[in-house]
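Here is what each chain is made of, one letter per residue.
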Amino acid sequence: MDKIVINTNLTTKEYRLMYLWGAWVTKEVIFAENDAEAIFDADATFASCRLESFNVVLFCGNRAVKIYN
C-alpha cells in the first residue's frame, strides 16, 4: 500500500474581493500563494461581473492589495 504524504507547510493566504454597498460585501474569496496570483484571479472576476459603479478592493486581511475604482 502506498503511503499518502500531506504537506503541512501550506503557504496560501486568503484574499477577499469586496465592494462597498453601504458596508463592505464579499464578492469572492480567493486562496493564493502570493499577491500576484490573487490579483490575476481577482482581475478575471472583476472583468466578468458588473461592479464598475462600486468601490472594489482586493483585501488580504486588513491590507488593501489592489483598488479597482
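One can find the structure itself at the top, above this paragraph.
Residues numbered from 1 in each chain as written. Predicted model: local features only at pLDDT ≥ 70, side-chain atom pairs only at ≥ 80, totals over all residues. Heavy atoms only, no water.

*Asks:* Tell me about the sheet that holds strand 1 (residues 13-20), and please be specific about residues and values.
*Replies:* Taken in spatial order, the 4 strands of this open sheet run 2-1-3-4, and their pairing is antiparallel. The open sheet terminates on both sides in strands that have one partner only, identified here as strand 2 (24-32) and strand 4 (63-67). Between one strand axis and the next, the sheet turns through 30 degrees on average, direction left out of account. The pairing of strand 3 (residues 55-60) with strand 4 spans 4 bridges and is classified as antiparallel. By the bridge assignment, leucine 58 is partnered in strand 4 with lysine 66. Along the sheet, helix 1 (residues 35-48) contacts strand 1, strand 2, strand 3 and strand 4; its crossing angle with strand 2, the most-contacted strand, is approximately 130 degrees. (Pairing = 2+ DSSP bridges. Helix = DSSP H or I, 4+ residues; strand = E, 2+ residues; numbered from the N terminus. Axes fitted to C-alpha atoms, helices over the stretch in contact; angles between N-to-C directions. Contact = heavy atoms within 4.5 Å.)

*Asks:* Outline the packing of aromatic side chains, listing residues and values.
*Replies:* For any pair of aromatic rings, the description rests on two quantities: the centre-to-centre distance and the angle between the ring planes. Evaluated as defined, the whole model comprises 3 aromatic pairs. Centre to centre, the rings of tyrosine 19 and phenylalanine 54 are 5.1 Å apart; their planes meet at 55 degrees, and the pair counts as tilted. Here phenylalanine 54 lies in the loop between helix 1 and strand 3 and tyrosine 19 lies in strand 1, a separation of 35 residues in the sequence. Judged by its relative accessible area of 22%, phenylalanine 54 falls in the partly exposed class. Relative to phenylalanine 59, the ring of tryptophan 24 lies with its centre 5.4 Å away and its plane at 85 degrees, an arrangement referred to as edge-to-face. Taken together, the residues span a long stretch of sequence, with tryptophan 24 in strand 2 and phenylalanine 59 in strand 3 at a distance of 35 residues. A relative accessible area of 15% means that phenylalanine 59 is categorised as buried. (Phe/Tyr/Trp six-rings, centres within 6.5 Å; stacked < 30°, edge-to-face > 60°. Buried < 20%, exposed > 50% of the residue type's maximum accessible area, 1.4 Å probe, protein only.)

*Asks:* Help me get a handle on the environment of tyrosine 15, residues and values and all.
*Replies:* The residue tyrosine 15 is located in strand 1 in this model. Sequence separation between tyrosine 15 and arginine 63 is 48 residues; the distance between their C-alpha atoms is 9.6 Å. Within the structure, the side chain of tyrosine 15 is placed 3.5 Å from the backbone oxygen of asparagine 34, a separation counted as a polar contact. Of note is the side chain of tyrosine 15, whose polar atom sits 2.6 Å from the side chain of aspartate 35. (Polar contact = N/O pair within 3.5 Å; in protein donor to acceptor, adjacent residues only side chain to side chain.)

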